[in-house]
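Now for the letters of each chain:
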Amino acid sequence: MRAADLAVKDVSWAPGKSGQPVLHSTSFTVAAGGVLGVLGPNGAGKSTLLRLLYRFQPPQTGSIHVGGHNIWSLSARAAARRIAAVLQEQTPSFGLTVLEIVRLGRTPHRAAFSSSSRKDEQIIDRVLDRLSLRPLAHRDVGTLSGGERQRVMVARALAQEPQVLVLDEPTNHLDIRHQLEIVSLIRGLNMTIVVSLHDLNMADGICDEVLVLKDGYPQGFGPPNTVLTDYLVSKTFRVDAQRERLTPSGAAHFSFALPN
Ligand SMILES: Nc1ncnc2c1ncn2[C@@H]1O[C@H](COP(=O)(O)OP(=O)(O)OP(=O)(O)O)[C@@H](O)[C@H]1O
């Protein structure tokens, strides 16, 4: 499936009917194939927003459309063909091999009780190669390192061939080389991506747009070089932040200090 646009309008969420909202009314759009970074301090509401996007829980207010379809008007199976997620600290099913976990990504595309088709196996092969997982294909996931497991969960989501891919801190656990590989993968996918990140330099490098949250309230939305000002970053993260441009790459580099 090709990438689709994502339209999020006035979504909010609170635990329980009478609970205080942990995400207040938030709206944004991501063009098909665009990369949106969701940024903010611990407890800002990033994972809460992402849970709404991958249809884990419905918003208390507002709506989410993928390619013009309200995600709650689709069946769970149809939604899973459009949206995949890679979550923080996701526990894969121990006892299954890497190949079996990645194969699970094809489930929403198969008729009930049917086995893998030739096309499914070709897609799985490509994904294993792309994530350098071929040598681990027959290992029990329970025996993998944290970083290897993280790559398996990315592979399973890619095998799902979604239009929108939601990633919650995907570079956790990864060494520098594998972080760079995931970043380059994210940039090269023909999918609409929503990714929560703690590394502002990485966000500046890979995101077309960023959404900054604090205490459940949106603080800014737009291209990183206009949103991530020293003032906004300092206020949001309660630090003294300063952004420089590295030469010759022009990449952003933030430095931080505790305020006096
Ligand atoms: N089911 C829930 N019940 C009660 N509070 C919740 C629930 N889910 C989230 N919260 C609260 O909502 C706030 C936002 O949590 P969330 O996990 O979305 O933050 P986050 O920005 O992803 O944080 P982090 O960077 O630490 O992962 C937190 O205070 C959290 O305790």
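Residues numbered from 1 in each chain as written. Predicted model: local features only at pLDDT ≥ 70, side-chain atom pairs only at ≥ 80, totals over all residues. Heavy atoms only, no water.

The chain carries the name ABC transporter ATP-binding protein in an unreviewed UniProt entry, which gives Sulfitobacter faviae as its organism.

1. Some details on the overall build of the chain
A count of helical and extended segments in the chain gives nine helices and twelve strands. Taking 2.2 N^0.38 as the reference for a compact globule, 260 residues should give roughly 18 Å; the C-alpha atoms of the chain span a radius of gyration of 19 Å, in line with that estimate. For the chain, contacts bridging at least 24 residues in sequence account for 62% of all contacts bridging at least 6. For the chain, the distance from the average position of its 28 positive side-chain charges to the average position of its 23 negative side-chain charges is 7 Å. (Helix = DSSP H or I, 4+ residues; strand = E, 2+ residues; numbered from the N terminus. Rg over C-alpha atoms; globule rule 2.2 N^0.38 Å. Contact = heavy atoms within 4.5 Å. Lys, Arg positive; Asp, Glu negative; His and termini not counted. Charge placed at Lys NZ, Arg CZ, Asp CG, Glu CD.)

2. What to know about the side chain of R151
Its location among the elements puts R151 in helix α5 (residues 146-159). Despite its burial, R151 remains without a salt bridge, the nearest opposite charge being carried by E181 at 5.2 Å. Among residues more than four places away in sequence, those in contact with R151 are L131, S132, L133 and H178. (Buried < 20%, exposed > 50% of the residue type's maximum accessible area, 1.4 Å probe, protein only. Salt bridge = Lys/Arg side-chain N within 4 Å of Asp/Glu carboxyl O.)

3. Looking at the site of the ligand
Residues in contact with the ligand amount to 15 residues; listed here are only the nearest, G43, G45, K46, S47 and T48. One nitrogen or oxygen atom from the main chain of G43 is found 2.8 Å from an oxygen atom belonging to the ligand. A44 is positioned such that a nitrogen or oxygen atom in its backbone is 3.0 Å from an oxygen atom of the ligand. Protein burial of the ligand: of its 640 Å² of free accessible surface, 59% is covered by the chains. The leading source of residues in the shell around the ligand is helix α1 (residues 46-53), at four residues. (Near = heavy atom within 4 Å. Polar contact = N/O pair within 3.5 Å; in protein donor to acceptor, adjacent residues only side chain to side chain. Areas by Shrake-Rupley, 256 points an atom, 1.4 Å probe, with all protein chains shown as cover.)

4. Details of the sheet that holds strand β3 (residues 35-39)
Ordered in space as β6-β7-β8-β3-β9-β10, the six strands form an open sheet in which the pairing is mixed. Looking along the sheet, the strands with just one partner apiece sit at the ends: β6 (83-86) and β10 (217-222). The sheet shows a mean angle of 15 degrees between the axes of neighbouring strands, direction not considered. Taken together, the four bridges between β3 and strand β8 (residues 192-196) define a ladder with parallel strand orientation. (Pairing = 2+ DSSP bridges. Axes fitted to C-alpha atoms, helices over the stretch in contact; angles between N-to-C directions.)

5. Some words on the pairing of β6
Where burial is concerned, the two faces of β6 agree: the one with I83 and A85 and the one with A84 and V86 are both buried. Note that β6 and strand β7 (residues 164-168) share four bridges and pair parallel. From the neighbouring strand, V86 faces β7, where its bridge partner is L167.

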